[in-house]
Amino acid sequence: MQGFNVLFPFGFHATGEPILGVVERLKKGDEAQKKVLLREGITEKDIEKFKDPKYIVRFWQKRIENDANSLGLSVDWRRKFTTIDPTFNRFIEWQYNYLKRKGYVIQATHPVVWCPHCNSPTGDHDRLTGEGESPIEYIIIKFNFDGKILPAATLRPETVFGVTNIWVRPDAEYVIAEVDKEEWIIAESAIAKLKDQLHHVKEKGKIKGKDLIGKYVENPVTKNKVIILPASFVDLNNATGIVMSVPAHAPYDWIALEDLKKTDALHKEYGINIKEIEKIKPIKLIDTPGFVDLPAKQMCSIFSVSSQLDKDQLDKSTNEVYKKEFHQGILNANTGKYAGMQVSKCKKELAQDFKKQGIASSIWELTGKVVCRCTTEAHVKILENQWFLKFSDPEWKRLARKCVDQMKFYPEEARKQFEEIIDWLEDKACARKSGLGTRLPWDPEWIVETLSDSVIYMAFYTISKYINEYNIEPHYLKEEVFDYIFWGKGDPKKIANKGISEELLKKMREEFDYWYGQDMRASAKELIPNHFTFSIFHHVAVWPNEPKRWPKAYTINGMQQMNGQKMSKSKGNYITIQEAIEKYSADAMRITLMDSTEGMDDPDWTEKATIAWKNKLDSIYRLVKENYGKGKGESNLDKWLVSRMQEHIKAITEHLENVRTKSAVTVLHLMLNDIQWYLRRGKKGKALDYSLEVFVKCLSPFTPFICEEIWQEMGKKGFVSKSDWPKADKEINKEILQLEEFVKKLCDDLNEVIKLAGKKDKLYLYVASPKEFDYYKEAKEFLQKEFGFKQVNIEKAAEAKHDPEGKAKRAKFGKPGIYLE
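As a starting point, this report considers the structure included with it. (Residues numbered from 1 in each chain as written. Predicted model: local features only at pLDDT ≥ 70, side-chain atom pairs only at ≥ 80, totals over all residues. Heavy atoms only, no water.)

Attention now moves to the overall build of the protein. For the protein, the count of helices and strands is 29 helices and 29 strands. The contacts in the protein between residues at least 6 apart in sequence include a share of 73% that link residues at least 24 apart. Within the structure as shown, the protein displays about 38,800 Å² of accessible surface, and the carbon and sulfur contribution to it stands at 49%. In the protein, 130 side chains carry a positive charge and 122 a negative one; their mean positions are 2 Å apart. (Helix = DSSP H or I, 4+ residues; strand = E, 2+ residues; numbered from the N terminus. Contact = heavy atoms within 4.5 Å. Areas by Shrake-Rupley, 256 points an atom, 1.4 Å probe, with all protein chains shown as cover. Lys, Arg positive; Asp, Glu negative; His and termini not counted. Charge placed at Lys NZ, Arg CZ, Asp CG, Glu CD.)

Turning our attention to the packing of helix 16 (residues 479-487) against helix 18 (residues 502-515). Between helix 16 and helix 18, the shortest axis-to-axis distance is 8 Å and the interhelical angle comes to 40°. On the basis of their axis angle, the class for helix 16 and helix 18 is oblique. Contacts between helix 16 and helix 18 involve V481, Y484, I485, F486 and W487 from the former and L505, K506, M508, R509 and F512 from the latter. Class assignment of the residues belonging to the contact of helix 16 with helix 18 gives a composition of eight nonpolar, no polar and two charged. (Axes fitted to C-alpha atoms, helices over the stretch in contact; angles between N-to-C directions. Parallel < 35°, antiparallel > 145°, perpendicular 65-115°, else oblique. Nonpolar A, V, L, I, M, F, W, Y, C, P; charged D, E, K, R; others polar.)

Core analysis: the largest hydrophobic core is formed by 76 residues, its most contacted members being F91, F418 and F486. Contacts of F486, omitting those with residues within four sequence positions, involve F91, W94, A459, T462, I463, R509, F512, W543 and E546. Membership of the second largest hydrophobic core comes to 63 residues, among which are L672, I675, W725 and F742. (Core = buried A, V, L, I, M, F, W, Y, C linked by side-chain atoms within 4.5 Å. Buried < 20%, exposed > 50% of the residue type's maximum accessible area, 1.4 Å probe, protein only.)

Residues of helix 20 (residues 577-584) that are buried include every one of Q578, A580, I581 and Y584, and no others. Looking straight down helix 20, one finds that the buried residues subtend no more than 160° of arc, so they occupy a single side. Exposed and oriented more than 90 degrees from the buried face of helix 20 are E582 and K583. (Arc of directions from axis to C-beta.)

Spatial strand order, 28-27-29: three strands in an open sheet with mixed pairing. Only two strands of the sheet have a single neighbouring strand rather than two, namely strand 28 (791-796) and strand 29 (817-820). With direction set aside, neighbouring strand axes in the sheet form an average angle of 15°. In terms of strand pairing, strand 27 (residues 762-767) meets strand 29 through four bridges, oriented antiparallel. What sits directly across from Y766, in strand 29, is G817. In the packing of helix 27 (residues 734-757) onto the sheet, the strands contacted are strand 27 and strand 29, and the crossing angle to strand 29 comes to about 40°. (Pairing = 2+ DSSP bridges.)

Another point: helix 6 (residues 189-196). Buried residues of helix 6: A190, I191, K193, L194 and D196, and no others. Each element contacted by the buried residues of helix 6 is listed here: strand 1 (105-115), strand 7 (173-179), strand 8 (182-186), strand 9 (201-208), strand 15 (360-366) and strand 17 (379-389). One or two positions beyond helix 6, positive phi appears at L198, with a value near 70°.

By secondary structure assignment, the location of E772 is in helix 28 (residues 770-778). No salt bridge is formed by the buried E772. Its closest oppositely charged neighbour is K771, at 9.3 Å. (Salt bridge = Lys/Arg side-chain N within 4 Å of Asp/Glu carboxyl O.)

What follows deals with the side chain of R127. Within the secondary structure, R127 sits in strand 3 (residues 127-129). Here T122 takes part through its backbone oxygen, which lies 2.9 Å from a polar atom of the side chain of R127. Filtering out sequence-adjacent residues up to four positions away, R127 remains in contact with V113, T122, G132, E133, V370, V371, C372 and R373. (Polar contact = N/O pair within 3.5 Å; in protein donor to acceptor, adjacent residues only side chain to side chain.)

Spatially, 2-1-17-19 is the arrangement adopted by the four strands of the open sheet, whose pairing is antiparallel. Since the sheet does not close on itself, it has two edges, and those belong to strand 2 (120-121) and strand 19 (428-429), each with one partner. In this structure, strand 1 lies alongside strand 17, joined through nine bridges in antiparallel fashion. Bridge pairing links P111 to I382 in strand 17.

Another aspect to go through is the pattern of salt bridges. Under the definition given, this model contains 55 salt bridges. K355 is the salt-bridge partner of E137, the closest N and O atoms lying 2.9 Å from each other. In this pair, E137 sits in strand 4 (residues 135-145) while K355 sits in helix 12 (residues 343-356), placing the two residues 218 residues apart along the sequence. On the basis of relative accessible area, E137 is assigned to the partly exposed category, the value being 21%. Salt-bridge contacts for E183 lead to K148; the nearest nitrogen and oxygen are separated by 3.6 Å. Within this pair, whereas E183 is found in strand 8, its partner K148 is found in strand 5 (residues 148-154), the two being separated by 35 residues in sequence.

What follows deals with the pairing of strand 17. Within strand 17, eight of the eleven residues are buried, leaving the element largely enclosed by the surrounding structure. Alignment of strand 17 against strand 19, held across two bridges, turns out to be antiparallel. Bridge pairing in strand 19 places F388 opposite A429.

Quick look at the packing of aromatic side chains now. Taken as a whole and assessed by the stated rule, the structure comprises 48 aromatic pairs. When the ring of F81 is compared with that of Y461, the centres are 5.2 Å apart and the planes differ by 50°; the resulting orientation is tilted. With a gap of 380 residues between them, F81 in the loop between helix 4 (53-70) and helix 5 (86-102) and Y461 in helix 15 (residues 457-469) connect regions that are remote in the sequence. Given the relative accessible area of 4%, F81 is considered buried. Ring geometry for F409 versus Y554: centroids 6.2 Å apart, planes at 70°, classification edge-to-face. Separated by 145 residues along the polypeptide, F409 in strand 18 (residues 408-410) and Y554 in strand 23 (residues 553-557) bring together distant segments of the chain. Directly above the ring of F782 sits R681, whose terminal nitrogen or CZ lies 5.0 Å from the centroid. Here the basic side chain of K796 rests over the ring of F773, its NZ or CZ set 5.1 Å away from the ring centre. (Phe/Tyr/Trp six-rings, centres within 6.5 Å; stacked < 30°, edge-to-face > 60°. Lys NZ or Arg CZ within 6 Å of the ring centre and 35° of its normal.)

Quick look at the environment of N97 now. When you line up the elements, N97 lands in helix 5. Put simply, N97 and E479 are 382 residues apart on the chain and 9.1 Å apart in space, counted from C-alpha to C-alpha. With residues up to four places along the chain from it excluded, the contact list for N97 reads P441, W442 and E479.

In the contact formed by helix 23 (residues 636-657) and helix 25 (residues 686-699), the axes pass within 9 Å of each other and the chain directions differ by 15°. Between helix 23 and helix 25, the angle falls in the class roughly parallel. The crossing of helix 23 and helix 25 is left-handed. For the pair helix 23 and helix 25, contact is made by D638, L641, V642, M645, Q646, I649 and I652 and by K686, A687, L688, Y690, S691, V694 and C698, respectively. Partitioning the contact of helix 23 with helix 25 into residue classes produces ten nonpolar, two polar and two charged. (Left-handed = near helix turned anticlockwise from the far one by under 90°.)

A separate point is unusual backbone geometry. Cis geometry is found at the peptide bond from Y410 to P411, where omega equals 5°. Relative to the helices and strands, P411 is located in the loop between strand 18 and helix 14 (414-424). Going from Y516 to G517, the amide bond is cis rather than trans, its omega being 15°. Assignment of secondary structure puts G517 in the loop between helix 18 and strand 22 (521-524). The backbone phi angle of K181 is positive, close to 70°, even though this residue is not glycine. Of note in this structure, T375 is not a glycine but carries a positive phi near 85°. With respect to the element layout, T375 can be found in the loop between strand 16 (371-372) and strand 17. Look at T375 and you get partly exposed, because its relative accessible area is 34%.

Set out below in structure tokens:
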């Protein structure tokens, strides 16, 4: 509507485990999966067809196309493709061959999120739960225990200087195992993890947790002897199942020791004298602004933690301590040579030093629970000879930062997240051994994973139209064909082949050159750490010397909620697009969603708001139909309405240019209010048709169906969606805007006066200026009709003839004196 050619393409991402996950769950007889399909209107008989992955792709492709059309999306369907089409596979092969030549795809050893059932890494979009969770390294401190090792795992190796005791689960059975030629005592769940992380592990025996309690171990760093104590909070499924206690800086440790001091259970069950516990003194290691006492003690007091049972409050206090100490903490003299180091920068150095001394190792865990689409719980595995994208490459990061610097972000506050992610992003597995997708051309046992083939696919839209139209077979899409189309490299005469003529090749190059790069990419905030950022990296890699091909803008929105809760198929808290359209209309759905929020806040769809919008759109239709074409002549009120429309056009245009949809909808409300006020004032002049046309044009991106209907009712030719967007090119009469605002305020004041004084027959208005006198005289008939006065008298305050109570003296500019009788 602003005069640009706009391309809105649409494709179908079928890569990875999601579709095979559905197949797997149906084969297992998963009733929840079956229920979801039945809810989608699929019959019991047809559910059997969903055990074929290709059928699932075709089914949902057709359904999504229908939904997009029903919603009024102006999609160019000539360009559609799926990511498992053989022609698209050729494009991805070209992309990855190039990345490998550039050294951006490497074979290395790295920790990955691993599904033991699929025998593959599990990317974010191959997960039922746990999107965004990733491997994190725990440092194992090897405490000496009677010739054995009690390996305590920690995310904060600097706190080893403040260990006062060791925690174990008294009711657990631990395993004695040979780990890398040392004898360790660990939780049973750690065995498989350590094996998958390239440790040599051999189980040798068992020992009960309660048999460890009361014994002493030696801190390998400080050489202090510390006691082993029982704790129910020890998680046997996390790391080694052995926890070191640092009560000065860990709220859980502080309160656990306080709890032990209040009971004689230690003496009864383990023969430990309570004085042994009372002798334990916390050791403060970190100086942090705001912590005047022991940090753990201070936070437990602030969050009113009274025992280990206050888990929520303990978690909050722990997060607060760790956050403050990480960002502001400095190691003190109790840490020896490390004193003066920032907590945020010490972990790597300490871990390396301890490992060199042979007193530390490591184990990798997930930051949260991850379940693969096949329903198997994932864990961390260190893969050898796995293919990775080398996001750690300094030059690649430099180019990515350059791209971010020249991009626009809506909202702008998202920029900082991209800058931070580029800084910390490490190498990432780009292939897996199961799922749908493109096989790595040089190592076909591996398939490019779901977040690694969805990063420059937008470029494929520019040529997929011709691939579909001319039915180009995949084997004709050779590397040199893509080199020419996307880089302009080579001679089209020599590159042309039996399936792609020279003329067609040039057309494809011209199409790419005309449309690319992408002006706007819109998606959810959950994709900032993966898809969004990966896409920047891949664009600058494939077109390092052509910034015009790089993404120009990202729009980032929240995740859709429904009636205040997260949408979930498994919980039944969702509505299909077709159901919503049939019940409420596409227009009502569209504008309700765009009116629900903006920026990165989560939009909340509610039925109540949708019904309200449906009714409002019906009333708008009637308002336009009843009033368009009825205006004649021009009055001051017409000048007011035209002036108001200029302000609204400027505001709504700015909001939409900055993807502030809720703010834009607010302007639509204001436009409608002004038109309704104009009609209420009893005037129908030339401004009415103009304002209704402006309003319908501005409303049309939100509610295209009813606006096209209204446009036709107005007798307009063509589509409103192809008409020119309104321009604020008419005069704004500020004086009349001010005077009409005075009339509105007068109405508010009159309502208040009538509430106090009761209904009266006569109104006397005393105005302070000649401008107001003339303007209020024009409004005299309106005021009489609006409030039911039999007589309305407007007088200049300085010349008032009838003023029984002296109100005339109180008249000010913009606030006339009021007298009723």
